[in-house]
2 protein chains.
Amino acid sequence: MKSVSVSDSDGHAFTPLVAIELAEDIKEEAASWLMNKIKDKQQRGGADLLVDQLSQEGQSDQKGNPNIFIVGATWLRLLHGAEEVGLVKEFGDGSMRGFTYANKDSFKSFEGDGDGFLSIAECQYIIKHELDTLRAKDETQVPGYTQMKLYPGKSIIRRMQSKGILLQIFPLHVKENLKRLSLSWYGKVKLSHQPLDDIRQYFGESLALYFGFLEYFTFALVPMAFLGIPYYLFDWESYDKYVVFAVFNLVWSTVILEVWKRRSASLAYGWGTLSRKKAFEEPRPGFHGTLGLNPVTGREEPVFPYARRQLRMYLVSVPFVLLCLYLSLHVMMVYFDMEVLGSGAARRGAHGLDRPAALHPQHHLRGGHRENHRLESSHQNHLILKVLVFNFLNCFASLFYIAFVMQDIVLLRQSLATLLITSQILNQIMEAFLPYWLQKRRNKKVHTRNRRTMGDQELPLGEQVRLEADMNTYLGTFDDYLELFLLFGYVSLFSCVYPLAALLVVLNNVTEVYSDALKMCQVFKRPFSEPAADIGVWQLAFETMSVISVVTNCALIGMSPHTKAYFPESETQLILVVVAVEHVLLAFKFFLAFVIPDIPKPIQIKLARLEFQSLEALKKRKMLEAAAGIPSKS
Amino acid sequence: MKSVSVSDSDGHAFTPLVAIELAEDIKEEAASWLMNKIKDKQQRGGADLLVDQLSQEGQSDQKGNPNIFIVGATWLRLLHGAEEVGLVKEFGDGSMRGFTYANKDSFKSFEGDGDGFLSIAECQYIIKHELDTLRAKDETQVPGYTQMKLYPGKSIIRRMQSKGILLQIFPLHVKENLKRLSLSWYGKVKLSHQPLDDIRQYFGESLALYFGFLEYFTFALVPMAFLGIPYYLFDWESYDKYVVFAVFNLVWSTVILEVWKRRSASLAYGWGTLSRKKAFEEPRPGFHGTLGLNPVTGREEPVFPYARRQLRMYLVSVPFVLLCLYLSLHVMMVYFDMEVLGSGAARRGAHGLDRPAALHPQHHLRGGHRENHRLESSHQNHLILKVLVFNFLNCFASLFYIAFVMQDIVLLRQSLATLLITSQILNQIMEAFLPYWLQKRRNKKVHTRNRRTMGDQELPLGEQVRLEADMNTYLGTFDDYLELFLLFGYVSLFSCVYPLAALLVVLNNVTEVYSDALKMCQVFKRPFSEPAADIGVWQLAFETMSVISVVTNCALIGMSPHTKAYFPESETQLILVVVAVEHVLLAFKFFLAFVIPDIPKPIQIKLARLEFQSLEALKKRKMLEAAAGIPSKS
C-alpha cells in the first residue's frame, strides 16, 4: 500500500483514493451537506466513507481551487463494498466466486486483515460505486440551491455534476505502482507480452482487454503480413495468387475473431468478470426513473419501464440515425460530383485523406441520453453502434467510390498506402507524443517551483492532486478501438489489391502499444476501472467488417482484368461464378463461427459447476427454511 | 390415479407404469438377477422399484411371452426420483424451481402425500431413468451368459438390450386419461387450439413442442395463404406483384421463426424444461466410457474424453458424410443426364415424385454411435443434422434442376402442385390411417376373443399389456419434423413462382394435426416422455432453409422474362441489381434475427431472479460452512 495518508476530521488516518473537486464558488451549506452525506452511516442513507479537505499548505500561489476533497475508506468498509458491488475473486479451491465478507478467509489471497486483497483500482471502483449510488430519499433539493430539484432515487452526485457545482471525481495515481507498471510495460524495448494482469490491477478490466485485444490483433496479423511481402516484392499480379491470398485472408479473419472470443473469455474468467452477471449490475448513474424494486435482485433502485425505453429507441433514435445517415450520404455524393466535375481525371494520390467532413453527428449522439438504458454496458453498446455507422461511411465511402465506381485499382492502392502511412504517423503524434510533451512541460514547471521551496523530494499530496486534476480526462476506449476497427477495414476490405496492408498495420500496432501505454500512464488523468467481460459491441463490429470484406474482395477479384480474361465471351457467366463463390465463402464463414465454441471447454465446465453448486445451495436453503417454518418469499 | 393395480412378490400393491419384455428363452438366473437388481435398495446398487411378473391368467391361447414384467414404485420413491432427475416444478411463489423432497410442501400443486403431483408420464420417465442408470459395479458379466461382458459403469439394461435378451421397455397407456385426452384433442372438429398442456402431461415435452410447433406453423402460414389466393385466381404474373409477394414472404418467414423461439421459451418455462440445465443432465444410456466423476456435478458416471469425441467426429463422421454426399450427388447427376437423353422434352407433370432413390445413408447414420455424445440432446442433434442434408438434396435437387438448369417455370409450378397434393394425401394415408385401420382390426380381434370369455368389460391388464407390446414403436419426432421441414421448403424456396403453396400447406397441416394425434393415441406404443426446452436443431434447419430461400427467390425473380424486360440492353446490370437486392434482404434478415430477443422479457427476468437467488444462497451456504469450520471442497 501507498505510504502517504491523510486524516479525516475525527483524526482517522486513511489512504487517499479518490478526489472530488467542487466548484470554487459552491455555497458552504451544499458542500458540507454533501460531505456529511458521504461520511454518514449507511443506515442513515450515507456512504460511510472517510473524507478530508485538501489543505492549501505548500501552495506557492493561492490560485488553486480550495474545494478539493480526498475520499478514502476503512478496510472493513471496502471489503463490505466489494461484496456489495459483487466483485468475483479466486476461491480457495481455485474456482471464481462472488466475494462475501463473512466468508473472506476462504478466498485465496486473503491474508490477515485483508490488506492488499483488493487492488487500488478495485478500491477506487468501490468508492465510485458508493458515491454514485448516494441517492436522494426525502430531500427535495440540494441545500442552498432551490432550483436543483431532487426526487427519491435521484443520484445526488449526478445532479450536482449536471448542474455544474461538482466539477469532477477522479481516482488518484499511486506513483510507486505507476512507476513499476510503466517500467514493465513500455520502459524497455522487448519482445515479450504486455503485463496484462498488472494493467488490469492498475487500470481495470476494460482497458486491460483493450490492450489484450491490441496485442492479439497484432500477433494475428503477422502471418498475413508475411504472406503479403512476396506479393509486393515480386509484383505478383496473377489471378490465382490473388485469389489464394484473398481466400486465406477471409478464412483467417474469421478464425482469429472466433479465437479472440475464447481468449477474452479466458482472461475475463481469470479476472472474475465473466462470472459477474449483467442483470445483477447496479444501474449506471445517468439512469433515471422512479424508485422501485429491481425484479431480479429485489433491491431498491430506480426503475424505468422496458416498453418505454424500446419506444424511445424505435421512435426517436432509429429515425434520427437514419436521417443523419441519409444527409451525410447526400453531402458526400454532392462532394464527389463536384470533384469529378472540377478535376476531370482524378489521379491525385492521397485522395482518401481529404474526405468530406460530412455531418458529424457523433458528438450529438454521444451527448443524447434519451434512450435511458439501465446498464452502463448496454448504454455504451448502443452509443458505439450508432457512431460506428457514420465513421465507417466517412472512412470507406471514398475508397468504395474509387474501387467500385471509378474502378481504378492503381489509385485505390495508392490511397490505401497513403492513408495507412500518414494516419499512423499523424495519429501517434497527435494522440500521444504531443500531449505527452505538453504534459511533461507542465509537470516540470510545477516541479521546479516546488524544488525551489522543498528541495528534491516527491511532490506533496496537495500539489500532486492538483496536478492530476488539471490533466486531460481519458474518455474511454472508444477512439482506440475505432482506430483498430478502421485499420482492420483497410487490411481486410481490399486485401486482394494491397497485400502489404497487413504489414503496415502490424508495424503501426507495435508503436501503438507504446504510445497508448504512454498516454494512459503519463498524459491522462487516471480513469476509473470498468469491469468488462468482453470487448462488447466491438466484437460484432469486427465480425460485420469481416462479412463485408468477403463481398468487397469477391467483387474486386471479379472486376480484375485477369479474371475477366478467363471468361472472354460472357460477362454474365463471370458474375454468376463470382456470386456463387461469394455465397460459398459466406456460408463457410458462418459455419466456422458456428462450429468454434465461444468459451473454452475447461471454463465452460467451471461456469457450469458454479451454476450447479448454486442451484444445489438454493435447494438446501429452501429446505432449511421449510424445516424452520419460514414462509418462502419471491 | 388409475384404479388398476398389481402387487409385487411381497404383496405391496402398486400402479403398473412401465413394462419390461425379456426374451422368451432368457435363462432363469439372468431374469431373476435383473429383477433383484431392480428391486434392490439403492445403497446396494439397485433401483429400489416394485416389480411383478405379468400373470398368464385370462390368456386364452398360451402363445404369449411369459417374461413380461410390470414395474412401478412407491410415491416416496417417485418423489425422490423426481429430485434425482432434476424435475422443475412451480414453486409456491410462482417461480419454477428444481423439485426437492425435503421442500415438497412449498411446491404449488403438492397436496397431502403428493398423489397427483407428478403426472403419469413423469413417473414413467423417472422409472426409465432409474432403469437406464442401473450400472454395473463389480459384476463382470450377466449371470448365465459368459459372453455378455460388463465393466464398472456400463448400463445393464443397455447391454442386455443390445445382446437381445431384453426385448423392450415401454410405458403403459392409461385408458381413462387417454380417452379424455383424445376427446379434447381430435375427438370433435373444432377451431380452438390443441390442449398442449394435456399433451405434455400425457406424452411429455418433446411431443408437446412438436404439436405446438405444428399448430404455430399452420397459423403463421395463414396470412401467406390468403395473400396467395388472388395470385392464383387472377393470374397475376406481373413483375412488381411477385416481388412484393416474395419480399413479404422472406420477411415473414424470418419473423415467424424468431417469434416461435419466444413462444417455445414461454412454453418450456411453464413446463419447467427451460430452467433444467443441460450440463447437469444424466448421460444418455448409450453413452459409454469408464466410470469417473462428472467435473460439474461431482456425481459418479461414465466419462469419455472430450478431445477424443471431437477427433472421432472430425476424422470419421465428417469425411464419411462428405463422401456420401458426393456419391449421392453423382448418382443424381447421372440419373438426370440419362433422363434428359431419354426423353428429349421433359414436360411430364409430376416430375419431382419419381426422384432418384439415391443412396440412403440415413439408416446407416442412425445406427452409428461412434461419436459417443454424452447427452441425449446433442446425440440427437448431430444425427438430425447429418440426415437432414441428404433429405434436403433428395427432395429439392430435382426442383432446383427444373428451376435453374432447365429454367422451366411452368413445369416447376406443376411439379410443386403435384408434390404438395400427392404427398399430403399419400403421407396421411400411409402414416396414420392405414396403420390405424390395421391396429383397429387387431384390437377388435382381441376384444371379441375376450368378450366371448368375459363379457363387455374392459380388457384385463395382461391382455392390455400384451396388446400394447405388439404395437409399433414410435421412433421419435424426426419424421414428423422432417415432413414439416420439407413443406416449409416447398412454400419458401419457390414462393414467388407458386404463391398457392402456402394454402395447400395450411390445408395439409390442419389434417396433419388430426392424423398425427390419432397416430400417437391409437397406432403406436406409448413413447417415453422426453424433456425438451426447444425444438433443438430443427430451429437451425428452418432458419437455414429461410436463408436459402432468399437466394432462390432472388434468382427466380431475376430469371423471369418480366424482370429481364426491365433491363433490355444489359444482362450484367440485371444480375448486379438482383445480387444487390439479395444482399440487402439477407442483411435485413440477420438484423431482424439479431434484434428480436429470443426469450420474452418477463421470462428473462424470472430466469435471472432464480440465478441471482442461487448465487446468493451459495454465498450464504459458504458462510455457514466457514462459520462452522467445515473446509470447503470443490
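The residue numbering used here restarts from 1 in each chain and proceeds along that chain's sequence as written. Chains carry letters and ligands carry numbers; both start at the beginning, A for chains and 1 for ligands, and go up in the order they are written. This being a predicted model, a pLDDT of at least 70 is required before a residue's local features are given, and a value of 80 or more before pairs of side-chain atoms are given or counted; all residues contribute to the totals for chains, interfaces and linings. Side-chain calculation: all heavy atoms of the structure are included, whereas hydrogens and water are not.

Caption draft 1: Structural context of the overall build of chain A. Only DSSP runs of H or I with at least four residues qualify as helices, and only runs of E with at least two residues qualify as strands; both kinds are numbered from the N terminus onward. Each helix and strand counted, chain A has 19 helices and 12 strands in total. Three exposure classes are used, based on accessible area relative to the maximum for each residue type with a 1.4 Å probe and protein chains only: buried under 20%, partly exposed in between, and exposed over 50%. Here chain A, with 634 residues, has 52% of them falling under the buried criterion. Any two residues whose heavy atoms approach within 4.5 Å are treated as being in contact. Considering only residue pairs separated by 6 or more positions, chain A has 72% of its internal contacts joining residues 24 or more positions apart. All accessible areas in this document rest on Shrake-Rupley with a 1.4 Å probe, and a residue is counted as covered only by the protein chains that are shown. Working note: accessible area of chain A is about 28800 Å², and carbon and sulfur atoms make up 61% of it.

Caption draft 2: Quick look at the sheet that holds strand β4 (residues 50-53) of chain B. Residue and element names in this part refer to chain B. Taken together, 4 strands build an open sheet; the order of strands is β4-β5-β3-β10 and the sheet is antiparallel. This sheet does not close on itself; its edge strands, each paired only once, are β4 and β10 (166-171). Across this sheet, the average inter-strand angle for adjacent strands is 20°, counted without regard to direction. Relative to strand β5 (residues 68-72), strand β3 (residues 18-22) is paired through 4 bridges, and the arrangement is antiparallel. Residue pairing in the sheet places Ile20 in a bridge with Phe69 of β5. The axes are straight lines fitted to the C-alpha atoms, using for helices just the contacting stretch, and the angles between their N-to-C directions are given from 0 to 180°. Strands in contact with helix α3 (residues 120-132) are β3, β5 and β10; relative to β3, the strand with the most contacts, it is inclined by about 40°. Pairing between two strands is assigned when DSSP locates at least 2 bridges connecting them.

Caption draft 3: The pattern of salt bridges, seen in detail. Residues and elements named next belong to chain B. Each salt bridge in this description consists of a side-chain nitrogen of Lys or Arg and a carboxyl oxygen of Asp or Glu lying within 4 Å of one another. Under the definition given, this model contains 32 salt bridges over all chains. One salt bridge in this structure joins Glu130 and Arg77, with 2.9 Å as the shortest N-O distance. Pair noted here: Glu130 is in helix α3 and Arg77 is in helix α2 (residues 75-85), with a separation of 53 residues, a long-range link. Looking at Glu130, the relative accessible area reads 5%, which means it is buried.

Caption draft 4: Broad picture of the UniProt feature "transmembrane region" (unreviewed entry) in chain A. Residue and element names in this part refer to chain A. Following the UniProt record, the feature "transmembrane region" (unreviewed entry) maps to residues 207-230, 242-260, 314-336, 383-404, 484-510, 535-559 and 574-596 here. Spanning residues 207-230, this segment combines 100% helix with 0% strand, and its end C-alpha atoms are found 36 Å apart. Secondary structure content for residues 535-559 is 92% helix and 0% strand, while the C-alpha to C-alpha distance between its ends is 36 Å. UniProt positions are given in the numbering used here, feature names are shortened, and annotations may be inferred rather than shown by experiment.

Caption draft 5: Representation of the pairing of strand β3 (residues 18-22) of chain A within the structure. Residue and element names in this part refer to chain A. The buried count for β3 comes to 5 of 5 residues, which makes it a mostly enclosed element. Of the two faces of β3, the one holding Val18, Ile20 and Leu22 and the one holding Ala19 and Glu21 are both buried throughout. The pairing of β3 with strand β10 (residues 166-171) spans 5 bridges and is antiparallel. The partner of Ala19 across the bridge, within β10, is Phe170.

Caption draft 6: Summary view of α2 of chain B. Residue and element names in this part refer to chain B. Along α2, the residues classified as buried are Arg77, Leu78, Leu79, Gly81, Ala82 and Val85. Contact partners of the buried residues in α2: α3. Gly86 lies just past α2 and shows a positive phi near 80°.

Caption draft 7: Expanded view of the sheet that holds β3 of chain A. All names here are of chain A. With respect to topology, 4 strands assemble into an open sheet ordered β4-β5-β3-β10, the strand pairing being antiparallel. Every other strand in the sheet has two partners, leaving β4 (50-53) and β10 as the edge strands with one partner each. Across this sheet, the average inter-strand angle for adjacent strands is 20°, counted without regard to direction. Helix α1 (residues 28-39) contacts β3, β4, β5 (68-72) and β10 of the sheet and is inclined by roughly 160° relative to β3. Sheet contacts for helix α3 (residues 120-132): β3, β5 and β10; angle to β3, the most-contacted strand, approximately 40°.

Caption draft 8: Fine view of the confidence of the model for chain A. All names here are of chain A. Values of pLDDT, which run from 0 to 100, indicate the predictor's confidence residue by residue. Model confidence for chain A is summarised by a mean pLDDT of 80, while 84% of its residues fall at 70 or above. Mean pLDDT values over the elements of chain A span from 45, in helix α10 (residues 362-367), up to 93, in β3. This model gives residues 344-368 a pLDDT under 50, and the stretch forms 52 contacts once residues within four places in sequence are excluded. Complex prediction metrics read pTM 0.81 and ipTM 0.77.

Caption draft 9: Region of the structure containing the pairing of strand β9 (residues 145-149) of chain A. Residues and elements named next belong to chain A. Sheet topology places strand β8 (residues 141-142) next to β9; 2 bridges connect them, and they run antiparallel. Each bridged residue has a counterpart across the sheet, and for Val142 the counterpart in β9 is Tyr145. Counting the residues that bridge the hairpin from β8 to β9 gives 2 residues, and of these Gly144 lies at a positive phi of roughly 90°.

Caption draft 10: Looking closely at the relation of the copies chain A and chain B. Superposing chain A onto chain B requires a rotation of 180° together with a translation of 0.0 Å along the rotation axis, leaving an RMSD of 0.1 Å. On the angle and the small slide along the axis, the relation comes out as a two-fold axis. Nearest to the rotation axis, the C-alpha of Ser614 of chain A is located 2.4 Å from it, this being the minimum over chain A. Here the copies are superposed with least squares, the fitted atoms being C-alpha atoms of residues at a pLDDT of at least 70 in both.

Caption draft 11: Quick look at the environment of Ala102 of chain B. Residue and element names in this part refer to chain B. Of note, Ala102 is situated in the loop between β7 (96-98) and α3. Its relative accessible area of 47% is what places Ala102 among the partly exposed residues. Each C-alpha atom, one on Ala102 and one on Glu83, is 9.7 Å from the other, the two residues being 19 residues apart in sequence.

Caption draft 12: The packing of helix α7 (residues 205-234) of chain B against helix α14 (residues 478-493) of chain B, seen in detail. All names here are of chain B. At their nearest, the axes of α7 and α14 sit 11 Å apart, and the two run at 15° to each other. Classified by the angle between their axes, α7 and α14 sit roughly parallel to one another. You can see that α7 and α14 cross each other, and the crossing is left-handed. When α7 is examined against α14, the residues Ser206, Leu209, Tyr210, Phe213, Leu214, Phe217, Leu221 and Met224 are found in contact with a partner set consisting of Asp480, Tyr481, Leu484, Phe488 and Val491. Taken together, the residues of the contact of α7 with α14 sort by class into 11 nonpolar, 1 polar and 1 charged. Each angle gets one of four labels, with under 35 degrees taken as roughly parallel, over 145 as roughly antiparallel, 65 to 115 as roughly perpendicular, and the rest as oblique. By the definition used in this description, the sense in which the near helix is turned from the far one sets the handedness, with an anticlockwise turn below a right angle giving left-handed and a clockwise turn giving right-handed. The classification used treats Ala, Val, Leu, Ile, Met, Phe, Trp, Tyr, Cys and Pro as nonpolar, Asp, Glu, Lys and Arg as charged, and all other residues, Gly among them, as polar.

Caption draft 13: Structural context of the interface of chain A and chain B. With 54 residues of chain A at the contact, the number on the chain B side is 54 residues. Simply put, the buried area is the total loss of 1.4 Å probe accessible area from both parts when two parts are fitted together. Carbon and sulfur atoms make up 69% of the surface buried where chain A meets chain B, a total of about 4800 Å² over both sides. Linking chain A with chain B are 0 salt bridges. As used in this structure description, the phrase polar contact means that two N or O atoms lie within 3.5 Å; if the pair is within protein, one of them must be able to donate a hydrogen and the other to accept it, and residues adjacent in sequence are counted only when both atoms belong to side chains. Remark: the boundary between chain A and chain B carries 4 residue pairs in polar contact (both at pLDDT 80 or more). Only β7 (96-98), α9 (306-343), α16 (537-559), α18 (571-595) and α19 (601-628) of chain A provide two or more residues apiece to the side of chain A that touches chain B. A per-element tally of the side of chain A that touches chain B places α19 of chain A first, with 19 residues. Looking at side-chain class alone, the side of chain A that touches chain B contains 27 nonpolar, 11 polar and 16 charged residues.

Caption draft 14: Representation of the packing of aromatic side chains. Only rings of Phe, Tyr and Trp enter the pairing, Trp through its six-membered ring, and a pair is recorded when the two centres are within 6.5 Å. The plane angle decides the type: under 30 degrees is stacked, over 60 is edge-to-face, the rest tilted. Applying the stated criterion across every chain yields a total of 59 aromatic pairs over all chains. For the ring pair Phe107 of chain B and Phe117 of chain B, a centre distance of 6.5 Å and an interplane angle of 65° mean the geometry is edge-to-face. Taken together, the residues Phe107 of chain B in the loop between β7 and α3 and Phe117 of chain B in the loop between β7 and α3 connect sequence positions 10 residues apart. You'll find Phe107 of chain B and Phe117 of chain B in the same group, each marked buried. Placement of a positive charge over a ring is assigned whenever Lys NZ or Arg CZ falls within 6 Å of the ring centre and within 35 degrees of the normal to the ring plane. Geometry around Phe528 of chain A places Lys128 of chain A over its ring, the cationic atom sitting 5.4 Å from the centre.

Caption draft 15: Main features of the environment of Ala73 of chain A. Residue and element names in this part refer to chain A. For Ala73, the position within the fold is in the loop between β5 and α2 (75-85). What makes Ala73 buried here is its relative accessible area of 12%. For the pair Ala73 and Ala47, spaced 26 residues apart in sequence, the C-alpha to C-alpha distance is 9.8 Å. With sequence-adjacent residues up to four places away left out, Ala73 is seen in contact with Phe14, Leu49, Leu50, Leu78 and Ile127.

Caption draft 16: Quick look at unusual backbone geometry. Within the chain, Gln407 of chain A stands out as a residue other than glycine whose phi angle is a positive 55°. Relative to the assigned elements, Gln407 of chain A resides in the loop between α11 (376-405) and α12 (409-454). With a relative accessible area of 41%, Gln407 of chain A lands in the partly exposed category. Phi at Asp48 of chain B is positive, roughly 60°, even though this residue is not glycine. Within the secondary structure, Asp48 of chain B is located in the loop between α1 (28-39) and β4.

Caption draft 17: Molecular detail of the domain arrangement of chain A. Residue and element names in this part refer to chain A. For the domain bounds, the source is a domain assignment made automatically or taken from a database. Domain boundaries in chain A define domain 1 (6-172), domain 2 (181-276 + 284-599) and domain 3 (601-634). Of the residues lining the interface, 7 residues belong to domain 2; the matching set on domain 3 comes to 6 residues. Joining domain 2 to domain 3, the criterion identifies 2 residue pairs in polar contact (both at pLDDT 80 or more).

Caption draft 18: Geometry of the environment of Val321 of chain A. Structurally, Val321 of chain A can be placed in helix α9. Given the relative accessible area of 13%, Val321 of chain A is considered buried.

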